[in-house]
Amino acid sequence: MADSPILKQSTGLRTLCIPGDLINTFIHQAKVNSDQSIVTLGTLRGVLCSNNQLRVTHLLIPRQNGFSDKCVMDSDATDVWEIHDKEGLLFLGWLHTHPAYSVYLSSIDLHNQFEYQRMLPEVGAI
C-alpha cells in the first residue's frame with residue numbers, strides 16, 4: 001500500500017507545478033489595469049498530488065483595489081475563500097503586476113512572501 005502524500009514534511013522542498021500558460025493568462029486578464037498603470041493581484045490555488053508534488057490548478061483574481069504602487073484585496077472578498085473551501089484548494093502562491101516598474105519583489109512583497117512560506121515553504125511568488 002502506497003503512502004499518502006503529506007502536506008507538511010521535514011526534509012526538502014516539493015516541486016511546485018505551474019501551468020505553462022498561467023502567466024500569459026494573468027497578463028491578459030490584468031491588461032486593462034496595466035494599461036492604466038494599476039497593479040493587479042492574483043492568487044494561485046491548487047492541490048497536493050499523489051506523487052507528493054504541489055500542482056496549481058486555479059488562478060483566482062479577487063475583488064481588489066489597485067493603485068500605481070500597490071493592490072489591496074477587498075476585505076469582503078469572501079468569494080475567493082468560498083471557492084477555496086468548496087474545492088478543497090491549498091494556497092500555493094500569488095502573483096501581481098508592476099506596470100510602472102520592472103519585475104522584482106519589493107520589500108513589502110518579500111515580507112508577505114516570508115509570511116506565506118512560514119505556512120508552506122513551497123509557496124511561490126511571481
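Further up the page is the structure itself.
Residues numbered from 1 in each chain as written. Predicted model: local features only at pLDDT ≥ 70, side-chain atom pairs only at ≥ 80, totals over all residues. Heavy atoms only, no water.

With respect to the pattern of salt bridges
Then, in step 1: Counted by the stated rule, this structure contains three salt bridges.
Then, in step 2: For the salt bridge of K31 with D35, the shortest nitrogen-to-oxygen distance reads 2.8 Å. Here K31 and its partner D35 are both found in helix α1 (residues 22–35), four residues apart, which amounts to about one turn of the helix.
Then, in step 3: The exposure class of K31 is partly exposed, given its relative accessible area of 44%.
Then, in step 4: Given a relative accessible area of 56%, D35 falls into the exposed group. (Salt bridge = Lys/Arg side-chain N within 4 Å of Asp/Glu carboxyl O. Helix = DSSP H or I, 4+ residues; strand = E, 2+ residues; numbered from the N terminus. Buried < 20%, exposed > 50% of the residue type's maximum accessible area, 1.4 Å probe, protein only.)

Remarks on the pairing of strand β3 (residues 54–60)
Then, in step 1: The pairing of strand β1 (residues 16–17) with β3 spans two bridges and is classified as parallel. Looking at the pairing, L16 lines up with L54 of β3.
Then, in step 2: Judged from the six bridges that link them, strand β2 (residues 41–48) and β3 form a sheet pairing that is antiparallel. Looking at the pairing, G46 lines up with V56 of β3.
Then, in step 3: Here β2 folds back onto β3 in antiparallel fashion, the turn holding five residues, of which N52 has a positive phi close to 65°. (Pairing = 2+ DSSP bridges.)

Note that every value here comes from positions in space, so none of it alone points to a role or purpose.
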